[in-house]
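Residue-level listing of the chains:
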Amino acid sequence: MKILVTGGLGFIGSHTVVELQQKGYEVVIIDNLSNSTITVLDGIEKISGTRPYFERLDLRDKSAVFSFFEVNKDISGVIHFAASKAVGESVENPLLYYENNIATLVYVLQALEKYQIPNFIFSSSCTVYGQADELPITENAPVKIAESPYGNTKQIGEEIIQDTCKISQQLKAIALRYFNPIGAHPSAELGELPIGVPQNLVPYITQTGIGIRKQLSVFGNDYPTVDGTCVRDYIHVVDLAKAHVVSIERLINNSNTDNYETFNIGTGKGSTVLEVIQSFERVSQTSLNYSFAPRRTGDIISAYADTTKVTSELGWEAKSTLDDAMRSAWDWEVKIKK
Ligand SMILES: NC(=O)c1ccc[n+]([C@@H]2O[C@H](COP(=O)([O-])OP(=O)(O)OC[C@H]3O[C@@H](n4cnc5c(N)ncnc54)[C@H](O)[C@@H]3O)[C@@H](O)[C@H]2O)c1
């Protein structure tokens, strides 16, 4: 069976390609290399033994999208990762984000309709919950007003898919709301490749540990949490990748209970920034240079998933510990430094 992975050379996409290949799927990747490099294909091939078919294509080019599907009518399902994801950049350039995250989604859904491809997985985010009123966060928690154009593209994206599923004769879709993906493949052949200054905590930690950055700033140590720093639910990227495989299989096997479903993808456990730093220091045997800085506006204090629904309906749960994820992130950083 052939699965299309858009954004398949990116951080989460590349790990998902490997998991799909290891389950016997033929994978086709679309990526425009705006936030990835072609060498990721080598990493995928080293792990799985198979080089996936790759098409360099910008999904903003509607006619190119339709031409692609015209010659790939035998695709059974699509996992749609391709999007821009830098929150700060989205504030500076909202139209870029609405074009790259929304227009591309519309084109892909139109192509699925035209070519009668029924199965669609969407990369959503726990950002849709904002600061949830209750923890852990269930899928029924209300969607809060988005803090950024990026966050808004995830909310609007979910609504577009839901509206389409309501009237479509054939479309079945799952939106996966990721908590905080971290780590790298245990082989150190794939990982996160942040361009410029990392936006996320873990690559900032590993780059500081290896000497690319001087010091990590921990924003706020007076929050109402166990040690005063913010709490997040850090999910190993390989566990996250596996969640995509079980999700597309749920649709392929018609095991879905609704033609539009949402699932939280997290560990169910919150970790503070200081706990992540301690985990890093433990697994890398390195002391991290960090200092406390004032709170950042807009930062959510605490967010972690209720995973009851995903465990009972998808039969999926995160297996890796925070230390496993931090070790793999460190091994990857050491490898790419060489
Ligand atoms: N990493 C996170 O923390 C996180 C959290 C929640 C949700 N998500 C979502 O998961 C998805 C994947 O995230 P990631 O961390 O792997 O990001 P990434 O930037 O590593 O991967 C995205 C890939 O899509 C490609 N791409 C972007 N625009 C494209 C276009 N117009 N046409 C073709 N390819 C295009 C990029 O080149 C890149 O390879 C995104 O939709 C992101 O918003 C990520």
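Residues numbered from 1 in each chain as written. Predicted model: local features only at pLDDT ≥ 70, side-chain atom pairs only at ≥ 80, totals over all residues. Heavy atoms only, no water.

Visitor: Looking at this structure, how should I read unusual backbone geometry?
Guide: Leave glycine aside and you will find that most residues have negative phi; peptide bonds, for their part, are mostly trans. With an omega of -10°, the peptide bond running from Leu135 to Pro136 counts as cis. One non-glycine residue with positive phi stands out, namely Leu33, at about 60°. By secondary structure assignment, the location of Leu33 is in the loop between β2 (26–31) and α2 (40–48). The residue Gln285 is not glycine, and still its phi comes out positive at about 55°. Along the polypeptide, Gln285 turns up in the loop between α9 (273–284) and β13 (290–293). Assessed through its relative accessible area of 70%, Gln285 is described here as exposed. (Helix = DSSP H or I, 4+ residues; strand = E, 2+ residues; numbered from the N terminus. Buried < 20%, exposed > 50% of the residue type's maximum accessible area, 1.4 Å probe, protein only.)

Visitor: Would you take a moment to explain the site of the ligand for this structure?
Guide: Inspection of the region around the ligand gives 26 residues, with Asp31, Asn35, Lys85, Asn100 and Tyr150 positioned closest. In this structure, Tyr150 approaches the ligand through a side-chain N or O atom, which is 2.6 Å from an oxygen atom. When the free accessible area of the ligand is taken as 820 Å², the share hidden by the protein chains comes to 95%. Only α1 (11–22), β5 (119–125) and α6 (149–167) provide two or more residues apiece to the shell around the ligand. (Near = heavy atom within 4 Å. Polar contact = N/O pair within 3.5 Å; in protein donor to acceptor, adjacent residues only side chain to side chain. Areas by Shrake-Rupley, 256 points an atom, 1.4 Å probe, with all protein chains shown as cover.)

Visitor: How do you make sense of the pattern of salt bridges when you look at a structure like this?
Guide: In a structure, side chains of opposite charge can pair up when their charged atoms sit close to one another. Overall, the coordinates contain 19 salt bridges when judged by the stated rule. Among the salt bridges present, the one from Lys2 reaches Asp74, with a minimum N-O distance of 3.0 Å. Remark: Asp74 occurs in the loop between α3 (62–71) and β4 (75–80) and Lys2 occurs in strand β1 (residues 2–6); sequence separation between them is 72 residues. When its relative accessible area of 48% is taken as the criterion, Asp74 is described as partly exposed. Here Glu45 and Arg51 are joined by a salt bridge, their closest N and O atoms 2.8 Å apart. (Salt bridge = Lys/Arg side-chain N within 4 Å of Asp/Glu carboxyl O.)

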